[in-house]
Amino acid sequence: MLAAALGILGSVLLCVSDLTSGAHNAHNAHSAGSAVIPGILLALVAGATYASYSWAVKHLLTKGLPRPAAMGSVFALGGVLLMPVLFLTGGPILASRNSLLVAAYMALIPMFLGYLLFGYGLARLEASTATTITQLEPAVASVLAVLVVGERLPILGWVGVSLFAVVLILVMRSSSTQRMPS
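Residues numbered from 1 in each chain as written. Predicted model: local features only at pLDDT ≥ 70, side-chain atom pairs only at ≥ 80, totals over all residues. Heavy atoms only, no water.

Describing the overall build of the protein chain
Put simply, the test is: The secondary structure listing takes helices from DSSP runs of H or I that are at least 4 residues long and strands from runs of E that are at least 2 residues long, numbered from the N terminus. Only protein chains enter the accessibility calculation, which uses a 1.4 Å probe; a residue is then buried when its area is under 20% of its type maximum, exposed when over 50%, and partly exposed in between. Note on contacts: a residue pair is in contact if any heavy atoms of the two residues lie within 4.5 Å.
Per the secondary structure count, the protein chain includes nine helices and zero strands. Reading the protein chain from its N terminus to its C terminus gives the helix and strand order α-α-α-α-α-α-α-α-α. The burial tally for the protein chain puts 23% of its 182 residues in the buried class. Sequence-distant contacts in the protein chain: of pairs separated by 6 or more residues, those separated by 24 or more amount to 69%.

As structure tokens, this is what we get:
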């Protein structure tokens, strides 16, 4: 629970660090500020669905369903549920060859490969532990944005990234003590 709370705090610090850094001009700060509430609401929905996904896959795995079948069935259900969103907002994805190629890359490499590896983790860890570890994603994305793209991360953002390192240590220590015989 401590690791999850620190991960949430790290995420909050990463989110607000850009708004408080003074890097925005007045127009950008206003437009970024007006998107904060819808962004937070969408993030909460995404977090709830991600937790539901993790729980459903782990539940199917504990019932004896093979990992590929468990993950495939949950992904298929999620895909069916997302079809209305694609029909309503997916026009730009299908508008050009480049957009379609980027979407295919995103679906195959980060999503498919990421969830394949996540499935291996779920088969060996508690769903709560695996999901807490996935909180590292924004920290990794932030560090890659600094190193690869040349973005600047304010001090508050680096504090958030540091909290994710603490999260990883806590989860690793908790996981290793759970496996030790008593």
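Overview of the side chain of Lys58
Convention followed: Residues scored as charged are limited to Lys and Arg (positive) and Asp and Glu (negative), so that His and the chain ends carry no count. By definition here, a salt bridge exists when the distance from a side-chain nitrogen of Lys or Arg to a carboxyl oxygen of Asp or Glu is within 4 Å.
Relative to the assigned elements, Lys58 resides in helix H3 (residues 36–62). Despite being buried, Lys58 has no salt bridge partner; Glu126 is the closest side chain of opposite charge, sitting 5.3 Å away. With residues up to four places along the chain from it excluded, the contact list for Lys58 reads Leu122, Ala123, Leu125, Glu126 and Ala127.

Remarks on the side chain of Arg67
Relative to the helices and strands, Arg67 is located in helix H4 (residues 67–89). No salt bridge is formed by the buried Arg67. Its closest oppositely charged neighbour is Glu126, at 16 Å. Excluding anything up to four places from it in sequence, Arg67 contacts Leu61, Leu116, Gly119, Tyr120 and Ala123.

Focus on the packing of aromatic side chains
For clarity, the cut-off: The rule is short: rings of Phe, Tyr and Trp, with Trp giving its six-membered ring, pair when the centres are within 6.5 Å, and they are stacked under 30 degrees, edge-to-face over 60, tilted in between.
As enumerated under the stated definition, the model contains two aromatic pairs in all. Geometrically, the ring pair formed by Tyr50 and Tyr53 is tilted, given 6.1 Å between the ring centres and 40 degrees between the ring planes. Remark: Tyr53 and Tyr50 occur in helix H3; sequence separation between them is three residues, near one turn of the helix. Note on Tyr53 and Phe75: the rings are 5.5 Å apart at their centroids and 65 degrees apart in plane angle, and the pair reads as edge-to-face. Of this pair, Tyr53 sits in helix H3 while Phe75 sits in helix H4, and the two are 22 residues apart along the sequence.

Some words on helix H6 (residues 97–124)
The condition that has to hold: Helix span is expected to be 1.5 Å times the residue number reduced by one. The angle between axes fitted to the seven residues ending at a residue and the seven residues starting there is what we call the bend at that residue.
Relative to the 40 Å expected for 28 residues at 1.5 Å per residue, H6 spans 39 Å between its end C-alpha atoms, a close match to the ideal helical length. The sharpest bend along H6 comes to roughly 25 degrees, located at Phe112. Among all positions of H6, only Phe118, Gly119, Gly121 and Leu122 are buried.

With respect to the nonpolar core
Here is the rule we go by: Only buried Ala, Val, Leu, Ile, Met, Phe, Trp, Tyr and Cys residues count toward a nonpolar core, and they belong to the same one when joined by side-chain atoms within 4.5 Å.
Among the nonpolar cores identified, the biggest contains eleven residues, and these are Tyr53, Ala56, Val57, Leu61, Ala70, Met71, Val74, Phe118, Leu122, Ala127 and Ala130. If one sorts the elements of this core by residue count, H3 sits on top with four residues.

Brief notes about the layout of surface pockets
Over the atoms a probe the size of a water molecule is rolled, and this reveals where empty space is left. For the record, the criterion: Detection works on a 1 Å grid of protein atoms alone, calling trapped sets that fit a 1.4 Å probe cavities and calling open sets with protein on both sides within 12 Å along at least five of seven lines pockets, with lining residues defined by an atom within 4 Å of a point. Grid points are joined across faces, edges and corners, and a volume is the space filled by probe spheres set on the points. Gly counts as polar in this scheme, as do all residues outside two lists: the nonpolar Ala, Val, Leu, Ile, Met, Phe, Trp, Tyr, Cys and Pro, and the charged Asp, Glu, Lys and Arg.
In this structure, the second largest pocket occupies an estimated 230 Å³ of space. In terms of lining, the second largest pocket is formed by Leu14, Cys15, Ser17, Asp18, Ser142, Ala145, Val146, Glu151, Arg152, Leu153 and Pro154. Elements that contribute at least two residues to the lining of the second largest pocket include exactly helix H1 (2–20) and helix H8 (136–149). Considering every element that reaches the lining of the second largest pocket, the biggest residue donor is H1, with four residues. Per-class residue counts for the lining of the second largest pocket are six nonpolar, two polar and three charged.

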